[in-house]
Structure formats: structure tokens, C-alpha cells
Amino acid sequence: MKKRNAISGRIQLLDKDAIVKDAFKAMPASARRLFLGRAATLGGLSMLTGCTVVDEESAEKLLMKVSRFNDKVQGWLFDPNKLAPTYPESMITRPFPFNAFYGEDEVPEVDTADYKLAIGGMVSDKHAWALDELYKLPQTSQITRHICVEGWSAVGKWGGVTFSTFLKRIGADMSAKYVSFKCADDYYTSIDMPTALHPQTLLTFTYDGQTLPAKYGFPMKLRMPTKLGYKNPKHITEIVVGNAYTGGYWEDQGYNWFGGS
Ligand SMILES: Nc1nc2c(c(=O)[nH]1)N[C@H]1C(S)=C(S)[C@@H](COP(=O)(O)O)O[C@H]1N2
Ligand SMILES: [Mo]
């Protein structure tokens, strides 16, 4: 109750952007990291939470929503010394949400027969992979929570090859700093090598036991329960291992590059 009153008090004194900045500063450092960049403005927070601030009451509601979301997320996010939580089948969110920087009617259609996964950079084997070849790699599956900064999370089941196994198969130089991804819809992102080698980082080809549906990223999604949703590329067409920082679609617009822990 005390916190609510403090927030209401400030809303009467300061302009709304300043209020958001203030509340943001009061968040624990770990929570703040998730909302760096453009999210730390009123416009950014409205976008992330889907709330529009029209008056003091809605400004307060928005702050409470962000704050509550952060509290939840903190418990779910990865502790680097432990594995991310996994869940029973009964906890799978149905239907699993779709998200992309465009609508569901614009999901790219990737042709199975023509598809090849291009490989580049610091690897000894640069041959491009057809899907049937990828499907022959040792497969595993995992039920984990996907957390999107837009304010939702959902539990899903993805299956595929452990990414470190794939990196070994292509003779990747594990001392490289980054692994970068290009996608069929012009999305792109990149991750640090320790995350690429994390045992729960999977290159996935199935969702809930079925071939990955187009909307969830056919033909493949890199699934990392240790990273926020936007770090998990769908429709991957190219993987490059290297030391050059390549950023990402949302990261280049202000989202935190690390996007996890
Ligand atoms: N290629 C591609 N990958 C992407 C995105 C995208 O727009 N294009 N959006 C990201 C974001 S922000 C989220 S939350 C998840 C959504 O995955 P889903 O549709 O399977 O829920 O995909 C991530 N990977
Ligand atoms: Mo997201």
C-alpha cells in the first residue's frame, strides 16, 4: 500500500515520462536490465505492456503491471549456475501464442525441398544443410517457459538437436565470441558463445511433437530457456560463428543485447 501511495504522489508532481523513469530507477538492477533502452520511456512501456496512459490511474496501473511482471520474470530467469526450469506436459500453454514483428498472415513460407541452412564464419565445415540431414542428428526435447518482454509468458515443448552438438559437427571454433543468425523474414539476432554451448540451448525442428508449424518458425527455431523471447530466432536460414558483433532486429532498436542471464 505504501508503494502505491508513493507512486500516486509522484504522478501529481511530475510529468508522466519522468514518473516512469523514476519508477524504473527504483526497480531492482536485475529487473532494470530487462527494460533498458527505449523501454525506459513512457512510449516504450506502453508498447511493451499494451497499456495506454491517458490519466494518472492508468499510469499507475501500467507501473504496477510492469513491476509485477518483473517480479515474476526474476524467478523464471536463468541462474547461470543452474539449469532453467522445465515443466510437465500438463503445464503446456494451449494454444501457444504467436509473436513476430508482423502479423500471423505474413508468416514466411519456407519450401522444404529448396531449403538449405547456410553456415559461415569460424567453422571447418561450411557445407549447407538440407532438412533431412538435420533431422538425422541426435534429437532431444524440452518443455520450458518462453518469456516475451511484451508482457506474456507461455510454456511450450520444443524438440531438436542440442546446439553444442551441432556446433561440434560443423567444427565451430568455440573460442569465437558470437553466433549470429539470419532468418527467412529478415529478422536477425546473435548470442554469446557460453549461451550457445549451454546444455538447454536447442536447435529445434518440432513443436509439441509435430514438425514446427510455420507460425512458430518452420523449419527451425533456436530455443533458449535462458533468454528472452526476442533472442530466440525462428525461420533460421544462416548461422555464422565469429568475433564481429552483429546485434539483432530488436537489439538494434534498444532492447538489451544480452536479453537474459
Ligand atoms: N524470425 C523471427 N524470429 C523471431 C521473431 C520474429 O519476428 N522473427 N520474434 C521474436 C519474438 S519477440 C518472440 S516473443 C518469439 C515468438 O515466438 P512464437 O511465435 O513461437 O511464440 O519469436 C522471436 N523470434
Ligand atoms: Mo517477444
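Residues numbered from 1 in each chain as written. Chains lettered and ligands numbered in written order. Predicted model: local features only at pLDDT ≥ 70, side-chain atom pairs only at ≥ 80, totals over all residues. Heavy atoms only, no water.

## Notes on the site of ligand 1
If you check the shell around ligand 1, you find 21 residues, and the closest are Pro97, Asn99, Asp185, Asn232 and Lys234. Lysine 221 has a polar side-chain atom sitting 3.3 Å from an oxygen atom of ligand 1. In the environment of ligand 1, an oxygen atom lies 2.6 Å from a nitrogen or oxygen atom belonging to the side chain of lysine 234. Burial of ligand 1 by the protein amounts to 99% of the accessible area it has alone, namely 540 Å². Per-class residue counts for the shell around ligand 1 are twelve nonpolar, five polar and four charged. (Near = heavy atom within 4 Å. Polar contact = N/O pair within 3.5 Å; in protein donor to acceptor, adjacent residues only side chain to side chain. Areas by Shrake-Rupley, 256 points an atom, 1.4 Å probe, with all protein chains shown as cover. Nonpolar A, V, L, I, M, F, W, Y, C, P; charged D, E, K, R; others polar.)

## Considerations on the confidence of the model for the protein chain
Scored by pLDDT, the protein chain has a mean of 82; 68% of the residues are at 70 or more. The low-confidence segment residues 1-16, where pLDDT is below 50, has 20 contacts with residues more than four positions distant or belonging to other chains. (pLDDT = per-residue confidence, 0-100. Contact = heavy atoms within 4.5 Å.)

## Observations regarding the sheet that holds strand β1 (residues 118-121)
Strand order in the open sheet made by the four strands is β1-β9-β4-β5, with mixed pairing throughout. Looking at which strands have only one partner, the edges of the open sheet turn out to be β1 and β5 (188-192). The average undirected angle you get between the axes of adjacent strands in this sheet is 20°. Sheet topology note: the strand β4 (residues 178-183)/β5 ladder contains five bridges and is antiparallel. Paired with valine 179 across the strands is isoleucine 191, a residue of β5. (Pairing = 2+ DSSP bridges. Helix = DSSP H or I, 4+ residues; strand = E, 2+ residues; numbered from the N terminus. Axes fitted to C-alpha atoms, helices over the stretch in contact; angles between N-to-C directions.)

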